[in-house]
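Close look at the chain arrangement
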Amino acid sequence: MGRFDKHFRMEAKDVEEYVRLRLDLFKDSGDLEVREIGDGNINYVFRVVDKARNVSAIVKHADLGTRSGSRILGFDRNRIEAEILRLEGELAPGLAPEVFDYDPVMACLAMEDLSDHRILRYALIDREIFPRLAQDVATFVARTTVPTLDMVMDPAEKKGLVQRYTNPPLCAITEQLVYTEPYLNQPGRTKVFPPNADFVERELFSDRELHLEVGKLKYSFMNEAQALIHGDLHSGSIFVKPDSTKVIDPEFAYFGPIGYDLGNFIGNLCFARIRAQVAAPKDEKTEEFLSWIDGCMAETVDRFASLFLSLFAEKAADPMGKSPGYAQWLLGRILADSAGVAGVEIIRRIVGVAQVKDIVGIGNEGQRAGAERILVLAAKRFILDRYSHRRGKDYVATLLA
Ligand code: SR1
Ligand code: MG
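Everything numeric here is computed off the predicted structure, so don't read it as measured data.

1. Side note on the packing of aromatic side chains
- Tallying each qualifying case throughout the model produces 12 aromatic pairs.
- Ring geometry for Phe 304 versus Phe 308: centroids 5.8 Å apart, planes at 40°, classification tilted. In this pair, Phe 304 and Phe 308 both sit in helix α10 (residues 284–315), four residues apart, roughly one turn of the helix. The two residues Phe 304 and Phe 308 agree in class, both being buried.
- Aromatic side chains Tyr 326 and Trp 329 sit 5.3 Å apart centroid to centroid with 55° between the ring planes, which places their arrangement in the tilted category. Placement of the pair is Tyr 326 and Trp 329 together in helix α11 (residues 326–351), with a separation of three residues, close to one helical turn.
- For Trp 329, a relative accessible area of 45% puts it in the partly exposed group.
- One aromatic cluster is present, built from ring pairs that chain together Phe 304, Phe 308, Phe 312, Tyr 326 and Trp 329.
- Here the basic side chain of Arg 9 rests over the ring of Tyr 44, its NZ or CZ set 3.9 Å away from the ring centre.
- A cation over a ring is seen here: Arg 368 above Phe 193, with NZ or CZ 3.9 Å from the ring centre.

Below, the structure written as structure tokens:
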């Protein structure tokens, strides 16, 4: 029996041996540099470089649980990620990394190295501008989701896919971290910035009307098998350079509400916007960035809406789905979900256990407290008034109110 015929948690030296045996790319390689570069909570991510031949790859390796060992997830997420990346690459060409190999035994996924790109979250923290971002993300969300809508896909085929991409352990993370814990003051399950303790108690833990609306959004996340979605489309799941956008990490993919993807992205733009507004130098670069990011937020929503309508008109097969007004009705639901999700994503990243550098990286205590308050109050409006956020400019208006 070979070394890689039974799963074990690999270190860099194991990955070096593994890729030489497994990947054609490195079959003729001499020296290889292998480094673990993962900065997430879940998987091990290795960059493998053959400097002499100028080739490289990323190997994403799953263990049974999270990196801290606090949660058992199983290995299926790695299969889901490999299959969904390939599917996304077909549906939205150029917007997902190329997959070289998937190995269910070692729970390893080898893919294109995107080291010439940056993670969007860190680029936005540096106030970098990406003119293609809105168009690329809107295209990605519309093109990867519309084909699996009920009125588009054959119903039996769709039900088969719903089974294939049922993702209980990863959905459970979202159900708990996004839709539950930020509203309950449970020991160890929230991280409240001390200067905002009273504010959070009043605005989040004690607001029963808010809890009811978040409960309704949670119902939609848990029950609405609308389309095959990415499931974790935050700014850490997107790589960018000025002329390219690549969406990575679809291990949370499952059949859920499309608004979960669109709203997640918009919520993460809000962090970058408010961080720059509150904590960046008051200079020309910041002014340009603020005006670009407001436009990006609005453009993403509006482009998604118009692309959704045109794709739906082109692809809808079910006669009832072709009824006049049906596509607009469905889009209305998706946009309301998006606003609600932008709200719950913002709140969970401020008081939940998985926080973001955009906010926790604000070193000045007063500025951070102020940024959190602006964001939480806007997030509540996104949730409570979600049916009136129909245009991109509605999001910007709420955030800047
Ligand atoms: C335990 S995982 C924490 C978060 O990281 C992922 O990217 C998801 O957003 C998840 O909620
Ligand atoms: Mg991830």
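After presenting the structure, the write-up continues.
2. Re the site of ligand 1
- The immediate surroundings of ligand 1 are formed by Asn 41, Ile 42, Ile 173, Leu 177, Asp 232, His 234, Phe 252, Arg 348, Arg 349 and Ala 354.
- In the environment of ligand 1, an oxygen atom lies 2.6 Å from a nitrogen or oxygen atom belonging to the side chain of Asp 232.
- When the free accessible area of ligand 1 is taken as 320 Å², the share hidden by the protein chains comes to 85%.
- Placement of ligand 1 is best described as lying within the largest pocket.
- At the level of elements, α6 (168–177) and α11 are the ones that each hand at least two residues to the shell around ligand 1.
- The residue inventory of the shell around ligand 1, partitioned by class, reads five nonpolar, two polar and three charged.

3. Observations concerning the pattern of salt bridges
- Counted according to the given criterion, the structure contains 42 salt bridges.
- A salt bridge links Lys 241 to Asp 116, with the shortest nitrogen-to-oxygen separation between them at 3.0 Å. A residue pair is termed long-range when its members are at least 10 positions apart, and Lys 241 in strand β8 (residues 238–241) and Asp 116 in the loop between β5 (108–111) and β6 (118–119) qualify at 125 residues.
- With a relative accessible area of 25%, Lys 241 lands in the partly exposed category.
- For Lys 216, the salt bridge identified is with Glu 213, shortest N-O distance 2.9 Å. Of the two residues, Lys 216 and Glu 213 both sit in helix α8 (residues 208–223), three residues apart, roughly one turn of that helix.
- Sharing partners across several salt bridges, the network here consists of Lys 60, Arg 77, Glu 81, Asp 249 and Glu 251.

4. Here we look at the sheet that holds strand β2 (residues 44–50)
- The sheet built from five strands is open, its strands ordered β1-β2-β3-β5-β4 with antiparallel pairing. Of all the strands in the sheet, just β1 (33–36) and β4 (99–103) have a single pairing partner and so form its edges. Within this sheet the neighbouring strands show an average axis-to-axis angle of 20°, counted without direction.
- Alignment of β4 against β5, held across four bridges, turns out to be antiparallel. Counterpart to Asp 101 in the pairing with β5 is Ala 110.

5. A closer look at the environment of Pro 250
- Within the fold, Pro 250 resides in the loop between β9 (244–247) and β10 (254–256).
- By relative accessible area, Pro 250 is classed as buried at 0%.
- Residues within four places of Pro 250 in sequence aside, it is in contact with Ile 80, Glu 81, Ile 84, Leu 85, Glu 88 and His 230.

6. A short note on the sheet that holds β9
- Sheet architecture is open: three strands sit in the order β6-β8-β9, paired in antiparallel fashion. Strands at the two margins of the open sheet, each flanked by one partner only, are β6 and β9.
- As paired strands, β6 and β8 are joined by two bridges and run antiparallel to one another. Pairing of Ile 119 across the sheet is with Phe 239, part of β8.

7. Topic: empty space enclosed by the protein
- Throughout the structure, instances matching the rule amount to one cavity of 30 Å³ or more.
- As a volume, the largest cavity reaches approximately 50 Å³.
- Ile 84, Leu 87, Glu 88, Leu 91, Thr 144, Leu 228, Ile 229 and His 230 are the residues that line the largest cavity.
- When contributions to the lining of the largest cavity are tallied by element, the ones reaching two or more residues are α2 (76–91) and β7 (227–229).
- Here the element with the most residues in the lining of the largest cavity is α2; it accounts for four residues.
- Taken together, the residues of the lining of the largest cavity sort by class into five nonpolar, two polar and one charged.

8. Here we look at helix α13 (residues 365–384)
- For α13, with 20 residues, the first-to-last C-alpha span of 29 Å sits near the 28 Å given by 1.5 Å per residue.
- Every buried residue belonging to α13 is among Arg 368, Ala 369, Ala 371, Glu 372, Leu 375, Val 376, Ala 378, Ala 379, Lys 380, Phe 382 and Ile 383, and all of these are buried.
- As for α13, its buried residues are in contact with α7 (197–205), α8, α9 (259–279), α11, α12 (357–360) and α14 (392–400).
- For α13, the capping residue at the N-terminal end is Asn 364, with a side-chain oxygen 2.9 Å from the backbone nitrogen of Gly 366.

Rules and cut-offs
- Residues numbered from 1 in each chain as written.
- Chains lettered and ligands numbered in written order.
- Predicted model: local features only at pLDDT ≥ 70, side-chain atom pairs only at ≥ 80, totals over all residues.
- Heavy atoms only, no water.
- Phe/Tyr/Trp six-rings, centres within 6.5 Å; stacked < 30°, edge-to-face > 60°.
- Helix = DSSP H or I, 4+ residues; strand = E, 2+ residues; numbered from the N terminus.
- Buried < 20%, exposed > 50% of the residue type's maximum accessible area, 1.4 Å probe, protein only.
- Lys NZ or Arg CZ within 6 Å of the ring centre and 35° of its normal.
- Near = heavy atom within 4 Å.
- Polar contact = N/O pair within 3.5 Å; in protein donor to acceptor, adjacent residues only side chain to side chain.
- Areas by Shrake-Rupley, 256 points an atom, 1.4 Å probe, with all protein chains shown as cover.
- 1 Å grid on protein atoms, 1.4 Å probe; cavity = no way out; pocket = protein on both sides within 12 Å on 5 of 7 lines; lining within 4 Å.
- Sits in = over half its atoms within 2 Å of the grid points.
- Nonpolar A, V, L, I, M, F, W, Y, C, P; charged D, E, K, R; others polar.
- Salt bridge = Lys/Arg side-chain N within 4 Å of Asp/Glu carboxyl O.
- Pairing = 2+ DSSP bridges.
- Axes fitted to C-alpha atoms, helices over the stretch in contact; angles between N-to-C directions.
- Contact = heavy atoms within 4.5 Å.
- Points joined across faces, edges and corners; volume = space filled by probe spheres on them.
- Expected span 1.5 Å × (residues − 1).

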